[in-house]
Amino acid sequence: MSSVLIRDVANFVGQEVTIRGWLYNKTDKGRLQFLMVRDGSGLIQAVAFNKALPAEAFQAAQVVTQESSLIVTGTVQQEPRAPGGYELALSNVEIVQLAQDYPITPKEHGIDFLMDNRHLWLRSRVQWAVLRVRAAVVRAIRDYLDNQGFLLVDCPILTPSACEGTTTLFETEYFGEKAYLTQSGQLYNEATIMAFGRTYCFGPAFRAEKSKTRRHLIEFWMVEPEMAYAGLEECLRVEEELLSYVVMRVLESCKEELQILERDTTKLEQIVPPFPRISYNDVLQLLKEAGEELAWGEDFGAPHEVAIAARYDKPVFVHRYPAKCKAFYMAADPENPELSLSADLLAPEGYGEIIGGGERIASLELLEARIAEHQLPREAYEWYLDLRRYGSVPHSGFGLGIERTVTYLCGIHHIRETIAFPRTLGRMYP
Ligand code: 4AD
Ligand code: MG
């Protein structure tokens, strides 16, 4: 008999099916063994009644241990009291491999222990839900951008220069030359938009950040759309539309996952365009009124971001940061050259910055000056300067951090659970 997936059992009520999976947990009631079986697609209760199975199969149900691999056969029955609404009345149980002393038991474990066992922890319910939301987020982002005329152009991982400041570069060696793991594909896609109009890259980014916070990974994934002939306002419009679309798709396609995560979805349902906008200078004023004074030109810390976002139900754009607290490529505000045409999108509920972006410098002279001011090695940026020599246009773009977005949509505390094998400060195992 061919096997079926647990997520499809509703189509087989009254029929005998075979499921290949693992034992999630078990309740022993003597003549009745309640096996919770998972197969990657879902979880189902499978009931072994001693009279309904060959003696050998019932014995397998009695001895099978947590996370043993097993193949079960039984009749699908509607059972409102069972998780998912269906259960299997078993006629056979076959153990594929008997697992001994699975380390992650239903009791509470410390985070270090769980991280050491990340390769096994992935099997647990909450982790399953989070990583499925992540996949849904990625799928929705790609669908949105592909449908809006953005061409996927992937950018190099090994790069000769910095995009987001020299302090967080991961250095390596490239046949006798210095190379760095990419911090962002942006500079390259500023080149590709001059060929294709609108592009995006989607890949890993690396930052040797010495910060051990619940929002920082050393290796994270970012989607970076870039648009020719687009100013800051259009950039923000695409950002709010993209994020709203992603939230809508996750609400639609991840109902079970969000339920497992006990996510308050009413908060997510409010995420529709337009998002509120507030300038950096106005934020400073608000912080001052709240007794949290910050010197002009200082970047916000996590507590400031939380305080700002708490004023809104939707994500909020903070725009026009002082040029000196942003990267070298940010266009200057024509109304005040000390300000940049930049914006960060801060998520509600204390999740902080999930998008950074803005308009790029189009003028050759200003870009040359900024490269010098930031003491960047000019030779490495000659190709980038060429983009201002040959058909320069106003252009904008942004980077959305996948893991920060998933942390927020799942409503979980720490970013490390949103990627299968997180790289965090001081941890590279497993
Ligand atoms: O604000 P960032 O540094 O912007 C850039 O890299 C631009 N070059 C993007 C662009 O305009 N094309 O990073 C963008 C986003 C952040 O808002 C955050 O969501 C995420 O990337 N991010 C991180 N996520 C996890 N761990 C880290 N260490 C992160 N650093 C940035
Ligand atoms: Mg940023």
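Conventions we followed
- Residues numbered from 1 in each chain as written.
- Chains lettered and ligands numbered in written order.
- Predicted model: local features only at pLDDT ≥ 70, side-chain atom pairs only at ≥ 80, totals over all residues.
- Heavy atoms only, no water.
- Pairing = 2+ DSSP bridges.
- Helix = DSSP H or I, 4+ residues; strand = E, 2+ residues; numbered from the N terminus.
- Axes fitted to C-alpha atoms, helices over the stretch in contact; angles between N-to-C directions.
- Contact = heavy atoms within 4.5 Å.
- Buried < 20%, exposed > 50% of the residue type's maximum accessible area, 1.4 Å probe, protein only.
- Near = heavy atom within 4 Å.
- Polar contact = N/O pair within 3.5 Å; in protein donor to acceptor, adjacent residues only side chain to side chain.
- Areas by Shrake-Rupley, 256 points an atom, 1.4 Å probe, with all protein chains shown as cover.
- 1 Å grid on protein atoms, 1.4 Å probe; cavity = no way out; pocket = protein on both sides within 12 Å on 5 of 7 lines; lining within 4 Å.
- Points joined across faces, edges and corners; volume = space filled by probe spheres on them.
- Nonpolar A, V, L, I, M, F, W, Y, C, P; charged D, E, K, R; others polar.

Visitor: Explain the sheet that holds strand β5 (residues 86-97) to me, please; I cannot follow it from the model alone.
Guide: Hydrogen bonds between backbone groups are what pair the strands of a sheet, and the pairing can be parallel or antiparallel. Pairing is mixed around the closed barrel formed by five strands, whose spatial order is β1-β2-β3-β5-β4. Strand after strand, the sheet turns through a mean of 55° between neighbouring axes, direction not considered. Here strand β2 (residues 32-38) pairs with strand β3 (residues 43-49) via seven bridges, running antiparallel. Looking at the pairing, Leu32 lines up with Phe49 of β3. Lying over the sheet, helix α1 (residues 55-63) contacts β1 (16-29), β2, β3 and β5, oriented at roughly 85° with respect to β5.

Visitor: Would you explain the pairing of strand β13 (residues 316-319) in this entry?
Guide: Within a regular beta strand, the side chains point alternately toward one face of the sheet and then the other, so they alternate between its two faces. Where burial is concerned, the two faces of β13 agree: the one with Val316 and Val318 and the one with Phe317 and His319 are both buried. Here three bridges tie strand β12 (residues 277-279) to β13, and the two strands are oriented parallel to one another. Opposite Ile278, over in β13, you have Val318 as the bridge partner.

Visitor: I would appreciate a short explanation of the site of ligand 1 in the present structure.
Guide: Surveying the vicinity of ligand 1 reveals 25 residues, the closest of which are Glu164, Gln186, Arg207, Glu224 and Glu353. Between ligand 1 and the protein, one listed contact pairs a nitrogen atom with a side-chain N or O atom of Glu209 at 2.9 Å. Contact between ligand 1 and Glu224: a nitrogen atom at 2.7 Å from a side-chain N or O atom of the residue. Look at ligand 1: alone it shows 620 Å² of surface, and the protein chains cover 94% of it.

Visitor: Please explain empty space enclosed by the protein as it appears in this structure.
Guide: If a probe the size of a water molecule is rolled over the atoms, the empty space left behind becomes visible. Under the defined criterion, the tally for this structure stands at two cavities of 30 Å³ or more. Its boundaries defined by the atoms lining it, the largest cavity holds a volume of some 80 Å³. Forming the boundary of the largest cavity are Thr159, Ser161, Ala162, Cys163, Leu169, Leu181, Thr182, Gln183, Ser184, Leu187, Tyr188 and Trp383. The residue makeup of the lining of the largest cavity, split by class, is seven nonpolar, five polar and no charged. Of the volumes computed, that of the second largest cavity is approximately 60 Å³. Every residue lining the second largest cavity is listed: Arg214, Arg215, Gly350, Tyr351, Arg404, Thr407, His413 and Ile415. Residues of the lining of the second largest cavity, tallied by class, amount to two nonpolar, three polar and three charged.

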